[in-house]
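Below, each chain spelled out in residue letters.
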Amino acid sequence: MAVELVGLAGDRRPRGAPAACRAQPREAAEIRAAVDPPVCFFLYSPVDYHGCHYLPASPSMTSPLRFYEGYHPSFTSSSMSSKLDHSSVIEDLNITDEMLSPYSFTRQIVDQISIAKALVVISRDDNNVQLATELTSQIQKCQALLSGAATRGTQLTTMEMEAAIRDMAFLIYQAQELQYDSATMIMKMKAQFRSLNDKMKSETDKSTKYGQIAAEELPKGLYCLGIRLTMEWLRNPNVQRELSEGKHTSKKLRDNNLYHYCVFSDNILAASVVVNSTTMNSRHPDMIVFHLVTDEVNYASMRAWFSMNSFRGATIEVQKVEDFTWLNASYVPVLKQLQSSETQNYYFSGSGDNRTPIKFRNPKYLSMLNHLRFYIPEVYPALQKVVFLDDDVVVQKDISELFTVNLNGNVMGAVETCMETFHRFHKYLNYSHPLIRAHFDPDACGWAFGMNVMDLREWREKNVTGIYHYWQERNADHTLWKLGTLPPGLLAFYGLVENLDAKWHVLGLGYTNVDPSQIKSGAVLHYNGNLKPWLKIGMEKYKGLWEHIVVSIPACHAGDPGSIPGNGEEIFKLAYNSF
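What counts, and at which threshold
All residue numbers refer to positions counted from 1 along the written sequence of the respective chain. Residues qualify for local features only when their pLDDT is at least 70, as the model is predicted, and side-chain atom pairs are given and counted only at 80 or more; totals for whole chains, interfaces and linings, by contrast, use all residues. Hydrogens and water molecules were not included; the side-chain quantities draw on all heavy atoms of the structure. For two strands to be treated as a pair, DSSP must find no fewer than two bridges joining them. Per the convention used, a helix needs a DSSP run of H or I reaching at least four residues, while a strand needs a run of E reaching at least two, with both numbered from the N terminus. Orientation is described by axes fitted as lines to C-alpha atoms, over the contacting stretch for helices, and by angles from 0 to 180 degrees between their N-to-C directions. Contact between two residues is taken to exist if any of their heavy atoms lie within 4.5 Å; hydrogens are not considered. Expected helix span is computed as 1.5 Å times (number of residues minus one). Only protein chains enter the calculation, and the probe is 1.4 Å; a residue is then buried if its accessible area is under 20% of its type maximum, exposed if over 50%, and partly exposed in between. Side-chain atoms alone can form a polar contact between residues adjacent in sequence; in general such a contact is a pair of N or O atoms within 3.5 Å, and within protein one must be able to donate a hydrogen while the other accepts it. Residues grouped as a nonpolar core are buried Ala, Val, Leu, Ile, Met, Phe, Trp, Tyr and Cys residues, joined through side-chain atoms within 4.5 Å. Any angle that is under 35 degrees is reported as roughly parallel, and any over 145 degrees as roughly antiparallel; angles of 65 to 115 degrees are reported as roughly perpendicular and all others as oblique. By the definition used in this description, the sense in which the near helix is turned from the far one sets the handedness, with an anticlockwise turn below a right angle giving left-handed and a clockwise turn giving right-handed. Residue classes follow a fixed rule: Ala, Val, Leu, Ile, Met, Phe, Trp, Tyr, Cys and Pro count as nonpolar, while Asp, Glu, Lys and Arg count as charged, and any other residue, Gly among them, counts as polar.

A word on the sheet that holds strand β10 (residues 412–414)
The strand order β7-β6-β5-β8-β11-β10-β12 describes an open sheet built from seven strands, whose pairing is mixed. On the outer flanks of this sheet lie β7 (315–320) and β12 (497–499), each paired with one strand and no other. If you compare each strand with its neighbour and ignore which way they point, the axes differ by 25 degrees on average. Pairing between strand β8 (residues 385–389) and strand β11 (residues 451–455): five bridges, direction antiparallel. From the neighbouring strand, V387 faces β11, where its bridge partner is V453. Contacting β5 (259–264), β6 (288–294), β7 and β8, helix α11 (residues 268–280) runs over the sheet at an angle of about 175 degrees to β6.

Some remarks on α11
In an α-helix, one turn spans 3.6 residues, which is why side chains three or four residues apart end up on the same side. Compared with the 18 Å implied by 1.5 Å per residue over 13 residues, the 18 Å span of α11 between its first and last C-alpha is a close match. For α11, the full list of buried residues reads I268, L269, A270, A271, S272, V273, V274, V275, N276, S277, T278 and T279. Here α11 starts with a cap whose side-chain oxygen sits 3.2 Å from the backbone nitrogen of L269, and that cap is N267.

Some points on the nonpolar core
Membership of the largest hydrophobic core comes to 54 residues, with the highest contact counts inside it found for Y261, F290, F306 and L389. Among the nonpolar cores identified, the runner-up in size contains 45 residues, and M368, M412, F440 and Y468 belong to it.

Concerning helix α12 (residues 296–308)
In this model, α12 (13 residues) spans 19 Å end to end at C-alpha, consistent with the 18 Å of a helix rising 1.5 Å per residue. Summarising burial for α12: ten of the 13 residues are buried, a large majority. Buried within α12 are the following residues: N298, Y299, A300, S301, M302, A304, W305, F306, S307 and M308.

Side note on the packing of helix α4 (residues 105–125) against helix α6 (residues 158–177)
In the contact formed by α4 and α6, the axes pass within 10 Å of each other and the chain directions differ by 30 degrees. One way to sum up the angle between α4 and α6 is to call them roughly parallel. In the crossing of α4 with α6, the sense of the turn from one axis to the other is left-handed. Every residue of α6 that contacts α4 at F105, Q108, I109, Q112, I113, I115, A116 and L119 is listed here: M161, A164, I165, M168, A169, I172 and A175. Looking at the contact of α4 with α6 residue by residue, the class counts come to 13 nonpolar, two polar and no charged.

Keep in mind these numbers describe shape, not what the thing actually does.
Spelled out as structure tokens, the structure:
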């Protein structure tokens, strides 16, 4: 019987199946008979052996099923029979070993299933529902057969193999006769892959955009809470009188024997969680001084909130960033850049580089509340050491020990995040720029903002703010890094950071899964990422760690006219009612 070998792309090969197999040992192919008996189908697994599987494509054929495997000039039918019998009776063979064997018919069935799945897609596109249905049914039968063999822990019997391979080969041959050959299949699959890839990119962009919008929007509950507190501030003279009389003396605000924490935030509830969780876990809350800075919009409500709630005797100062008149465009590079029309278009008109992800085009990165961390020594000129906290953290332990940590002459203490390669400098900075490449090691460890010990004396001596200004001015065109405060922080504090024990700062609760043991032992939990605990999109399994701090906020002053609800749980409900 004469046969011709047809490759995956439909190219013709020399006649003679075994010789062709020996010549092309790594190529999958189809063999069609040129004469009777009818067409045969051939599958050859791409493994390092000279072998062929050669079998009838038509179930109506009277000739027996023939397997040519391990071709050799001395190959005989008796040796083939011996091999088949051997493979039929081996028991307790792992299915993985079976799949890796070059003599495995299980592997041939799996290869047929892969081809059949592709043909199902193509036949459906061609509106050939019947063939698609038959292929799907045969795929399911073959999968059930393999599943049963794996469950039993034995190989398929010869009868099972012959029936499965023959029936699937016949359907694949039918597809080939309908011009669903390899070349057509490849072209159609390529087109489909492109279409699916375009759809995937579109949906990914939409998901990113809507997720970013959801993360940036102020929940209605928090907005209403701010309005209620502002109204309370305006109509309650008792609260204003307490503050004007100097309830918190300026002496405490400058006493370096106390524990000074600074938080810069426009989120009332989040800032309150930071303050409350810190004082709740402190052995000496009366020695705690919180320095809060907010903006003009939230100033009245923030002052009302912290004047009407007691935090175990802690001293709390509230300021607004607009009062720092020295923070102007002539001094602050970020504010100077904001005055340029190019920067305004980049952030606010959406007409900038469309290749830049939407998260980097967020105007919040230009907020002075976000960049105020680089001016701490100037905001608090009398202080020597502070702990900086982001407003999306929860404190679980007494962190006053941070004030006694030896920074070894460094400016800042921080937890390094270089356990993975994507947290090294090359992830945040553009190393194709000669300035970056010349001054910074691409494999240097990154670290995290959010819980940092600052030695302000070393800061002033080493002029870290000046270094920050230098790099900000050279990044006016966004070629050194995209946006955010961490990249300029990595540059400004380069070589000036003391690594802290990882237990002090546990990150990731706002975007990924975190090891429960790390959460349990962590001193400060950080919800960095878009999934903040006060948002609907926040990760439910971590929200409870934050919410129980809100509920435990101490009661407001009783008896004040027009006061807001009198306990933390009611305040919590007020803020969350419209989520």
